[in-house]
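Each chain, letter by letter, is given below.
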Amino acid sequence: MIATLRRPAGALCLTYILVLTVIAVLAPILLPDVAMQQAGDLRITNAPPSSSHPLGTDTLGRDVLDRLLVGTRVTLVGLVIAVSCALAIGVPLGLLAGYTRGVVDRVVGWIADLAFAMPTIIIIFVVLTIFPHNMVAAMITLGLLLSPTLIRVVRSATLVVREELYIDAAKAAGLSAPYILSRHVLPRILGPIIVQASLVCGVALIVQTALAFLELVVPNPQPSWGGMIADGLRVLQTNAWLVIPPGLTVTVTILVFGLLGDVIRDTSSAAWSPAPQLMPKQRGDLGAPAQSTEETAGSALLSVRSLAVTLPRDGVPVRVLHDVSFSLDEGEVVALVGESGCGKTMTARSIVGLLPSGGELTHGAVVYRGRDLAALSRKERHALRGKAIAWVSQEPMVSLTPVFRVGWQIAEGVRRHQGTSRTEAWRRAVDLLGEVGLPDPEAVARRYPHELSGGMAQRVSIARALAGDPDVLIADEPTTALDVTLQAEILALLRRLQEQRGMALLLVTHDWGVVADIADRVVVMYAGEVVERADVDDIFESPCHPYTRGLIASDPHHDPDAERLPFIGGVVPRPEDWPAGCHFSDRCDFSIAACTDRAVPLLHLTDHREARCIRTDIFEEAPA
Amino acid sequence: MGSPIGIIVTRLLGAIPLLLAVTALTFVLIALAPGDVAQAILGPDATPAAYDQLREQLGLNLPLHEQYWGWLTGVLHGDVGTSLYNGESVSHAIAQRLPVTLSLMVGALIVSLVVGVALGMASAVRRGAFGRAIDMFALIGFAVPSFWLGAQLIVLFAVQLGWFPATGYVPLGVDSGEWARSLALPVAALAFGGIAAIAKQSRDAFLDALAQPFVSVALANGVSIGSILFRHVLKVASLRITTILGLQALTLLGGTVVVENVFSLPGLGTLAANATSRGDVPMIQGIVLYYAFMVVAVNLLVDIVYAWLNPRVRAA
Ligand code: SF4
């Protein structure tokens, strides 16, 4: 509540409600004649606002402002009745259902469902048929019918609090359930209760004014906001002003309750976050020139040149990749290796131009067949996705759209990339499913993603990536989510497809077993940088960088989830905490003063071998 | 029970307790009332003999559960009772007015759905200030009472511009153009709140769908932006939108009662308000039954559409 008051909007809302309450209490006392006034000064009916009648007069010459003020009481009384009734029923039942669960929970849930499905306004009509003009009865009924929303909110909040340890401790200490509920649970769930209660206030206000508008609850001539709108409606054709003051009052009051609920919710939970970025802006869209041709020239199919990427953290761009370079030749398999958090997935995402929201490629180039992809327009670049470079993700079960048949999803890619007819595309999709080794591809094509096992889903994802007949396939940890036997099968499949199709494969992995099985060349990354590049045989025989050495020695192959490496103390530092000089210096056993002096460049050692370390010479005599 | 028929049957069986509970509750409430229907008909000056005779005639001397059973068997035989006010058959009176209420509700629902979902999607894709504007719009849509908005629409579009009639209803069978014109303002007044609520909730549904991994994988493999938004994301979000729509339909059903009264439409809502102010018990009992049926029908439709959209439910 204190936090709510500190927000200007919250303070404004609470002040408004306070003023309204004062008016509701005082107005009928200070203006005792207004409630029973049948008619005012009949010479000045329908008068516009003036100094003696600030809001004008109504059809019977009565002062509109007076009636509005006096009518506040009946409106607020109705609201208070409905809300207290909803709270009195909703909170205890919700607490009970959430705390005891089991049978009580089911019974309460069933009753709440039933009440939820009742036609609210008509049930209130029934009550008013039997108790004519009885607002108390009507608003109690409304409170009853609104209580299920509170029951649900309180129940789910209680379920959460119940799981917390200190409730167990209170139970173990022998405290009674009512004591625990009122002393420990209730204070914790006040936030959601107040949010829901302010919503109930808004709804109750709508219903109260609607009933008054229909002249079912407040007998004439007693003023009420809803009744005044009804009075105005009767003379709408000649006097459009009369509905304005009561209508605006009702609207603003409901708005205040709604706003108050929003403010309380915002202060007690995280605010709304912006949408994920569907397609980040491309340098080509901004009209920036491509990198110099000299830099982009080269024979490789795909090359990444001194890439730098920033991501926003608390609004400030933080560099997460720095000077990342490597290349991929036609038909070659390159493994991008490192611990989690080293930037390997970010590198792969930069290649396809799909950085997380706010991510920006600040330097460098991604060159495919001599064209800098980062300098293309969004449209040009999107046209290359799937056709030039395709993507297989690490979570096969969620990488397919759950509501479409998998055959349709593959056929969609075929149609897009090869422009074939629907039937032809479906036939191609079935062929592709056969090509990825699925038995009975016809039947699989007609399945939905949830009808596939993890291994099947990954084969389907691969088939979909092949729909554009890509030159490069990027597989981001394609086997991590699968169990060991499936891992070997998917790996064998990737190798077979890569060989048969002569496609280049960029494999992102942390698993040295996978590297040894499939890769031609290896790129090791650490803390946003490439630390070593070598042919696969060389890297296992004689790793040059202390980090690579540690990685291979600890061999996380046998423990794929290993976050910490037994041979290297500590964890990958977050981008904000990168040490000066060599990023690995704080975990390196060979660190000397020179290592932290200045940034360490990638040093050329021999043919096809580079390492970002100034002390590679120490390993030359001692192979790993 | 996975087939559409199975879903319909399960739902209809599940609806029976609701229908019984609503109608039984009505009976209990009426029994609790001070005085009774016979008194209401005869007025305070009736002789005790005439009063007893009428009670017997109306079956009011029977125990409550027998009265309810009598009414229920009547309903099952198609007899919902007779109005105390003018002796009209309740089912006939309702049948005449049902098309008005249904036109209004379905019209408002379609408008809320189309405009609300379009706004929600635009807000999810464009983000920023537009996203916050939707939050404000939702709040305003919740706060402006439909009956007051209706009055403003009458002033602007009927009195000043003369584009639409201020009040009244022309049946579809008489003149379809005039029918649409007579419904335009009521539908707009009713749909405003619906649009705002659906815009905000579908915006949230789209944002959730957009954040799911299948979107980035589809993008990375070159699926067109149009297809990602209007096929993949729209269909995934439509599951939640269906549920939202069901709740909104029930809110709109309640809203018809007030809006019909603003525009003097001869629908169930005006019938219910009149029956209430006249103490016409059999009429209000019949109306309760019809509204309960409509609630059941809306929930059933939601379940069928949901199952049709969601392969998981369909196949389960
Ligand atoms: S540069 Fe120094 S700190 Fe960095 S890896 Fe080499 S020896 Fe270790």
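Worth saying up front: this structure is predicted, and the values here are computed from it rather than measured.

Caption draft 1: Representation of the overall build of chain A. Along the backbone of chain A there are 22 helices and 12 strands. Taken over 624 residues, chain A has a buried fraction of 53%. A separation threshold of at least 6 residues defines the contact pool for chain A, and within that pool the share at least 24 residues apart is 68%. Summed over its atoms, the accessible surface of chain A is roughly 26,500 Å², and 59% of this surface lies on carbon and sulfur atoms.

Caption draft 2: Quick peek at the overall build of chain B. For chain B, the helix and strand inventory stands at 13 helices and zero strands. When its helices and strands are written in sequence order, chain B yields α-α-α-α-α-α-α-α-α-α-α-α-α. Considered along the principal axes of its C-alpha atoms, chain B spans approximately 85 × 55 × 35 Å. Classification of the 316 residues of chain B by burial places 50% in the buried group. Contacts in chain B between residues far apart in sequence, at least 24 positions, make up 73% of those at least 6 positions apart.

Caption draft 3: Spatial organisation of the interface of chain B and chain A. Listed per partner, the contact involves 79 residues of chain B and 78 residues of chain A. Around 6,600 Å² of area is buried between chain B and chain A when both sides are counted, 77% of it from carbon and sulfur atoms. Looking only at chain B, the three residues that lose the most surface to chain A are Phe142(B), Trp148(B) and Asn221(B), adding up to 11% of its buried area. Remark: the boundary between chain B and chain A carries one salt bridge. Measuring nitrogen to oxygen at the nearest pair gives 3.2 Å for the salt bridge that ties Arg231(B) to Glu412(A). Counting every contact that joins chain B to chain A gives 11 residue pairs in polar contact (both at pLDDT 80 or more). Here the side of chain B that touches chain A takes 14 residues from helix H10 (residues 225-262) of chain B, the largest share from any one element.

Caption draft 4: Highlighting the confidence of the model for chain B. Of the residues in chain B, 93% have a pLDDT of 70 or more, and the chain-wide mean is 82. Two summary scores accompany this predicted model of the complex, namely pTM at 0.80 and ipTM at 0.83.

Caption draft 5: Structural detail: the side chain of Thr72(A). Residue and element names in this part refer to chain A. Here Thr-72 shows up in helix H3 (residues 64-100). Residue classification places Thr-72 among the buried residues on the basis of a relative accessible area of 3%. Side-chain polar atoms of Thr-72 contact the backbone oxygen of Leu-68, separated by 3.0 Å. Excluding residues within four positions of it along the chain, Thr-72 makes contact with Leu-20, Ile-23, Ala-24 and Trp-225.

Caption draft 6: Quick peek at the side chain of Thr347(A). Residues and elements named next belong to chain A. On the secondary structure map, Thr-347 appears in helix H13 (residues 344-352). Taking relative accessible area as the criterion, Thr-347 reaches 0% and is therefore assigned buried. In this structure the side chain of Thr-347 is engaged in a polar contact, spanning 2.8 Å, whose partner is the backbone oxygen of Gly-343.

Caption draft 7: Inspection of unusual backbone geometry at higher detail. Within the chain, Arg369(A) stands out as a residue other than glycine whose phi angle is a positive 45°. On the secondary structure map, Arg369(A) appears in the loop between strand E4 (360-368) and strand E5 (371-372). Residue Ser264(B) is not a glycine yet carries a positive backbone phi of 50°. Position of Ser264(B) among the secondary structure elements: in the loop between H10 and helix H11 (268-278). On the basis of relative accessible area, Ser264(B) is assigned to the partly exposed category, the value being 43%.

Criteria and thresholds
Residues numbered from 1 in each chain as written. Chains lettered and ligands numbered in written order. Predicted model: local features only at pLDDT ≥ 70, side-chain atom pairs only at ≥ 80, totals over all residues. Heavy atoms only, no water. Helix = DSSP H or I, 4+ residues; strand = E, 2+ residues; numbered from the N terminus. Buried < 20%, exposed > 50% of the residue type's maximum accessible area, 1.4 Å probe, protein only. Contact = heavy atoms within 4.5 Å. Areas by Shrake-Rupley, 256 points an atom, 1.4 Å probe, with all protein chains shown as cover. Buried area = accessible area lost by both parts, 1.4 Å probe. Salt bridge = Lys/Arg side-chain N within 4 Å of Asp/Glu carboxyl O. Polar contact = N/O pair within 3.5 Å; in protein donor to acceptor, adjacent residues only side chain to side chain. pLDDT = per-residue confidence, 0-100.

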